[in-house]
Amino acid sequence: MLDKFNRQITYLRISLTDLCNFRCKYCMPDGGVFKKNRSEILTFEEIYYIAHLFVENGVNKIRLTGGEPLLRPGIENFIESIGHLNKVKDLAMTTNASLIKDKALKLKRAGLDRVNISLDTLNPKTFKDLTGGELEDVLEGIEASHEAGLGIKINTVLLKGINENEIDDFINLTIDKNIDVRFIEVMPIGPTAAYAKDKFLSCDEIIERSKLKKITKDDPSSPASLYKLEGAKGRVGFINPISHKFCQDCNRMRLTSDGKLKACLHSDKLIDLKTPLRKGEDIRPLIEEALRIKPLKHKLDQGESIVESMNRIGG
């Protein structure tokens with residue numbers, strides 16, 4: 001699968017639900033979001049069929065997202081079905097980890113390879129203020145994931161005045177365990193765009209004041225620049241879509257929980273797969289259309305942002 005800029009699409013992110021049990025301030029507006037009718041959400045069978053088409057045409061990496069994907073009943077069985085797609089080399093899930101403690105081993109046995117855990121602070125009070133959740137639930141989820149043998153990446157959104165004093169604490173998590181910590185520049189997306197702009201903190205500022213040594217990426221298409229503390233088991237990554245674009249190496253598409261194909265995270269152009277799929281129509285030409293409309297780069301640096309919130313799109 002090649003887009004018009006000759007980029008090969010090998011990565012599909014699939015949102016399983018728009019629901020989330022957290023209310024992160026840079027993700028959801030204060031008033032919450034309108035809950036979609038469950039009939040609008042793709043069934044697991046429909047998601048599997050779409051994923052199958054992508055895998056048969058070159059996608060070998062799938063990440064399941066939300067909202068919070070663990071809120072969707074039956075996720076273990078679905079993961080097992082996706083795991084049976086032999087061409088999938090990497091099956092991951094983005095989660096806040098608050099619900100994974102009792103499911104981690106089942107998910108690993110079902111075929112999940114790793115988890116990307118969203119965690120922006122190690123301070124219980126700050127965590128409560130930022131997400132509405134309990135930090136202890138997440139920390140127990142991280143430990144359970146580690147014990148189950150799941151690969152772990154901790155994604156930390158940089159927020160000026162909120163967690164910049166905890167940067168070293170996050171980096172130190174990589175010393176004794178094979179855990180990757182990735183710092184992400186907050187992106188102005190949807191109704192919380194103003195909050196993101198106010199709290200923006202550049203990855204460059206963190207790199208300049210750290211004692212990290214840059215290392216070679218094992219995946220050239222990964223958006224993260226990798227670093228390491230001397231003697232540490234894990235790595236530290238920096239994802240900076242605002243200060244340093246990485247669009248030229250983009251190899252992904254996104255499928256929203258309500259069946260829209262999104263060729264670029266920062267574009268409002270969506271292609272409806274659900275309606276024709278439910279009519280029994282061939283959706284492969286629509287996937288080809290998504291390849292044609294995939295833009296060369298985002299325009300966040302020019303002040304443009306999308307209108308949808310991240311819980312709708314998939315993290």
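Above this note sits the structure.
First, a word on scope: everything that follows refers to the structure included in this document. (Residues numbered from 1 in each chain as written. Predicted model: local features only at pLDDT ≥ 70, side-chain atom pairs only at ≥ 80, totals over all residues. Heavy atoms only, no water.)

1. Notes on the overall build of the chain
Looking only at helices and strands, the chain features 11 helices and 12 strands. Counting all 315 residues of the chain, 53% fall into the buried class. Summarising the internal contacts of the chain: among those between residues at least 6 apart in sequence, 73% fall at separations of at least 24. Total accessible area computed for the chain in this model is approximately 14400 Å², and 49% of it derives from carbon and sulfur atoms. (Helix = DSSP H or I, 4+ residues; strand = E, 2+ residues; numbered from the N terminus. Buried < 20%, exposed > 50% of the residue type's maximum accessible area, 1.4 Å probe, protein only. Contact = heavy atoms within 4.5 Å. Areas by Shrake-Rupley, 256 points an atom, 1.4 Å probe, with all protein chains shown as cover.)

2. Focus: the packing of helix H1 (residues 44–56) against helix H2 (residues 75–83)
Running from amino to carboxyl end, H1 crosses H2 at an angle of 20°, the nearest separation of the two axes being 11 Å. When the axis of H1 is compared with that of H2, the two are roughly parallel. Handedness of the crossing formed by H1 with H2: right-handed. Residues Phe44, Ile47, Tyr48 and Ala51 of H1 touch H2, and the partners they reach there are Ile75, Phe78, Ser81 and Ile82. (Axes fitted to C-alpha atoms, helices over the stretch in contact; angles between N-to-C directions. Parallel < 35°, antiparallel > 145°, perpendicular 65-115°, else oblique. Left-handed = near helix turned anticlockwise from the far one by under 90°.)

3. So, the packing of aromatic side chains
Each aromatic ring pair is summarised here by two numbers: the centre-to-centre distance and the angle between the ring planes. Counted by the stated rule, this structure contains 5 aromatic pairs. One aromatic cluster is present, formed by Phe170, Phe183, Tyr227 and Phe238 through successive ring pairs. Between the NZ or CZ atom of Lys61 and the centre of the ring of Tyr11, over which it lies, the distance is 4.5 Å. Sitting over the ring of Phe44, Arg72 keeps its end group 4.1 Å from the ring centre. (Phe/Tyr/Trp six-rings, centres within 6.5 Å; stacked < 30°, edge-to-face > 60°. Lys NZ or Arg CZ within 6 Å of the ring centre and 35° of its normal.)

4. Focus: the nonpolar core
Ranked by size, the top nonpolar core spans 81 residues in total, and within it Ile14, Phe54, Ile62, Leu64, Met93, Phe183 and Met253 carry the most contacts. The dominant element in this core, judged by the number of residues it contributes, is H1, at 7 residues. In this structure Leu64 touches Ile14, Leu16, Pro69, Phe78, Ile79, Leu91, Ala92, Met93 and Thr94, once residues within four positions along its chain are discounted. (Core = buried A, V, L, I, M, F, W, Y, C linked by side-chain atoms within 4.5 Å.)

5. A closer look at the sheet that holds strand S1 (residues 11–15)
Hydrogen bonds along the backbone pair up the strands of a sheet, which may run parallel or antiparallel. Pairing is mixed across the open sheet formed by 12 strands, whose spatial order is S7-S8-S9-S6-S5-S4-S3-S2-S1-S10-S11-S12. Looking at which strands have only one partner, the edges of the open sheet turn out to be strand S7 (213–214) and strand S12 (270–272). Alignment of strand S10 (residues 252–255) against strand S11 (residues 260–262), held across 2 bridges, turns out to be antiparallel. The partner of Arg254 across the bridge, within S11, is Lys262. (Pairing = 2+ DSSP bridges.)

6. Overview of the side chain of Asp90
Along the chain, the position of Asp90 falls in strand S3 (residues 90–95). A polar contact of 2.9 Å, which involves the side chain of Asp90, links it to the side chain of Arg114. In this structure Asp90 touches Asn60, Lys61, Ile62, Asp113 and Arg114, once residues within four positions along its chain are discounted. (Polar contact = N/O pair within 3.5 Å; in protein donor to acceptor, adjacent residues only side chain to side chain.)

7. Describing the side chain of Asp258
Relative to the helices and strands, Asp258 resides in the loop between S10 and S11. In this structure the side chain of Asp258 is engaged in a polar contact, spanning 3.2 Å, whose partner is the side chain of Lys36. Excluding residues that lie within four positions of it along the chain, Asp258 makes contacts with Lys36, Glu40, Ile41, Leu42 and Lys274.

8. Comments concerning the environment of Arg109
When you line up the elements, Arg109 lands in helix H3 (residues 104–110). You can call Arg109 exposed: its relative accessible area is 67%. As a C-alpha pair, Arg109 and Gly149 span 40 residues in sequence and 9.7 Å in three-dimensional space.

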